[in-house]
Amino acid sequence: SILDFVDAGSIEKGKKFLEELREQGGAGGWEIVVSNGLEAWPLSFSGAAGETSMIILAAPAARETMDHGLYDELSRLNNELINRERELARKGVALERLSAEKTRLLAIAAHDLRNPLTIVGAYADMLKGQPGLDEESMQWADEISRSARFMRELVEELLDSSRLESGHVEVDLQEVDLVAAARHAGTINRMRADMKQIPLGIETEVEKAVIRADPVKLRQIVNNLVVNAIKFSRSGSPVTIRVRSAAGRALLEVVDQGIGIPPNQLSTIFEPFATVGPSGTAGEPSVGLGLAIVKNLVQLHNATVEVESEEGRGSIFRVAFPSVVDR
Ligand code: ADP
């Protein structure tokens, strides 16, 4: 029969075309796919039928021909894609739930460690003040005190970052002066810099740069950057805290001439626990949360943070806040 050449998917249509042709004496514009089993061509069928004979004309349909196998393969791939998408969405939800649970457990652990660590540190400090303590015991007490302080800092960072990650942070935005914040960071880090003989300077192009920020969180941003700049600079190499304004933005730059960051790691340093090296230039411990915290805090301020760095030559960390125009 004439239907022998019709592609399996078009048989029904072919039958209907013949039916219409017989019953009405004419039919036109039926798109039917014919096939030789290897290739398929969509053709547009028209015809006229009398009592004893009929004429059928077929012309290429407007559509481009497509290899039969290719067509099948495409629809199979399409189905597979839809299934995978569904599966992925399901996994995404499960992952989010797991991640929130992890953050919660981390916060509980960190919180419960805070008090005992404070007590350990405080007793170690008291011990150091005991009269008649021999040199060696003094060193031990000092080491206990230093380690307790580091662990406490770590715990605070973990708490901060888990709070930031879970979105349970409130920002108290006020008009604050970025220049004053830079000076403050210079003051509180003076001793840290002196211990490594690092000249810590402040450079400001403007006298005042008013931004809307949470004062405590702003200090944390600047401080984390300055602490890093000192940590990753060699003794004697200068660190500068700079405030500029450019294109409606107030810029805070922390500039160092330290060890720099390899190009392939520039994109990951703002992720949690993405430490590049084992420690600072004087063996300062490295946790890998400081910049993740900075990034989260910066986002809460509608600001951006970026880094320019060259291995062995130094880094510039730049935070750009929308500036508040004095009216
Ligand atoms: P941490 O300082 O505790 O390691 P951070 O999140 O603050 O964690 O920094 C992540 C990593 O980015 C650091 O381990 C270091 O390798 C790199 N880094 C950060 N700041 C600087 C800098 N000023 N110079 C060179 N490397 C830096």
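Now for a description of the structure that goes with this document. (Residues numbered from 1 in each chain as written. Predicted model: local features only at pLDDT ≥ 70, side-chain atom pairs only at ≥ 80, totals over all residues. Heavy atoms only, no water.)

**Some words on the pattern of salt bridges**
Threshold: Salt bridge, as used here, is a side-chain nitrogen of Lys or Arg placed within 4 Å of a carboxyl oxygen of Asp or Glu. The helix and strand labels rest on DSSP assignments: H or I over at least four residues marks a helix, E over at least two residues marks a strand, and numbering proceeds from the N terminus. For each residue, the accessible area found with a 1.4 Å probe, counting protein chains only, is set against the maximum for its type, and the residue is called buried under 20%, exposed over 50%, and partly exposed in between.
A complete count under the given rule lists 18 salt bridges for this structure. Between Lys 128 and Asp 125 there is a salt bridge whose closest N-O contact spans 3.9 Å. Within this pair, Lys 128 and its partner Asp 125 are both found in helix 2 (residues 68–128), separated by three residues, close to a single helical turn. By relative accessible area, Lys 128 is classed as partly exposed at 23%. Arg 146 serves as the salt-bridge partner of Asp 142, at 3.8 Å between the closest nitrogen and oxygen. Taken as a pair, Asp 142 and Arg 146 lie in helix 3 (residues 135–166) at a separation of four residues, close to a single helical turn. Note on Asp 142: relative accessible area 29%, which makes it partly exposed. Because the salt bridges share partners, they merge into one network encompassing Glu 203, Arg 242, Arg 244, Glu 253, Glu 306, Glu 308 and Arg 318.

**Describing unusual backbone geometry**
Positive phi is not limited to glycine here, since Ala 247 has a value of about 50°. Tracing the sequence through the fold places Ala 247 in the loop between strand 7 (239–246) and strand 8 (249–256). You can call Ala 247 exposed: its relative accessible area is 81%. In this structure, Asn 302 takes a positive phi of about 60° despite not being glycine. Here Asn 302 shows up in the loop between helix 7 (290–300) and strand 9 (304–310). Classification of Asn 302 as exposed rests on a relative accessible area of 62%.

These figures come from the coordinates and say nothing about function on their own.
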